[in-house]
Amino acid sequence: MSIPANIAEGYRRDGMADKLRFMNIAQGSLEECRYYILLSKDLEYISLDVYNNLNDLIEETSRLLNAYYKAIKSRNIL
């Protein structure tokens, strides 16, 4: 929930620095998710298959967030 909430909050900010800061917070939240699924796997709360599926989704989301961040920074969109 934190990831899209920070993207939404950053979207409504006026300055590019604020927009980028909230995108960076969203990226940090994504890294927390990455840690939690790794911990869940290591503690055997989830199977390796579930871990791999979740990790693939996190990787895809990370690529999208990075691309969005770079677009804001380079084109000053929004």
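What comes next concerns the included structure. Since we're looking at a predicted model, the values are computed, not measured.

Describing the pattern of salt bridges
Next, step 1: Using the criterion set out here, one finds five salt bridges in the structure.
Next, step 2: Glu31 is the partner of Arg34 in a salt bridge, and the nearest nitrogen-oxygen pair spans 2.9 Å. Taken together, the positions of Arg34 and Glu31, both in helix H2 (residues 16–42) and three residues apart, correspond to about one turn of that helix.
Next, step 3: Between Glu59 and Arg34 there is a salt bridge; the shortest N-O distance is 2.4 Å. A residue pair is termed long-range when its members are at least 10 positions apart, and Glu59 in helix H3 (residues 48–75) and Arg34 in helix H2 qualify at 25 residues.
Next, step 4: Through salt bridges with shared partners, one network takes in Glu31, Arg34 and Glu59.

Things to note about the environment of Glu32
Next, step 1: Along the polypeptide, Glu32 turns up in helix H2.
Next, step 2: Residue classification places Glu32 among the partly exposed residues on the basis of a relative accessible area of 43%.
Next, step 3: Between the alpha carbons of Glu32 and Asn55 there is a distance of 12 Å; along the sequence they are 23 residues apart.

Regarding the nonpolar core
A general tendency of soluble globular proteins is for nonpolar side chains to be buried together.
Next, step 1: Ile3, Leu20, Met23, Ala26, Leu30, Ile37, Tyr51, Ile58, Leu65 and Ile72 together form the largest nonpolar core, which totals ten residues.
Next, step 2: Counting residues per element, the ones that place at least two in this core are H2 and H3.
Next, step 3: For this core, the element with the most residues is H2, which contributes five residues.
Next, step 4: In this view, Leu65 contacts Ile3, Ile7, Met23, Ala26, Gln27 and Leu30; residues no more than four positions away in its chain are not counted.

Cut-offs applied
- Residues numbered from 1 in each chain as written.
- Predicted model: local features only at pLDDT ≥ 70, side-chain atom pairs only at ≥ 80, totals over all residues.
- Heavy atoms only, no water.
- Salt bridge = Lys/Arg side-chain N within 4 Å of Asp/Glu carboxyl O.
- Helix = DSSP H or I, 4+ residues; strand = E, 2+ residues; numbered from the N terminus.
- Buried < 20%, exposed > 50% of the residue type's maximum accessible area, 1.4 Å probe, protein only.
- Core = buried A, V, L, I, M, F, W, Y, C linked by side-chain atoms within 4.5 Å.
- Contact = heavy atoms within 4.5 Å.

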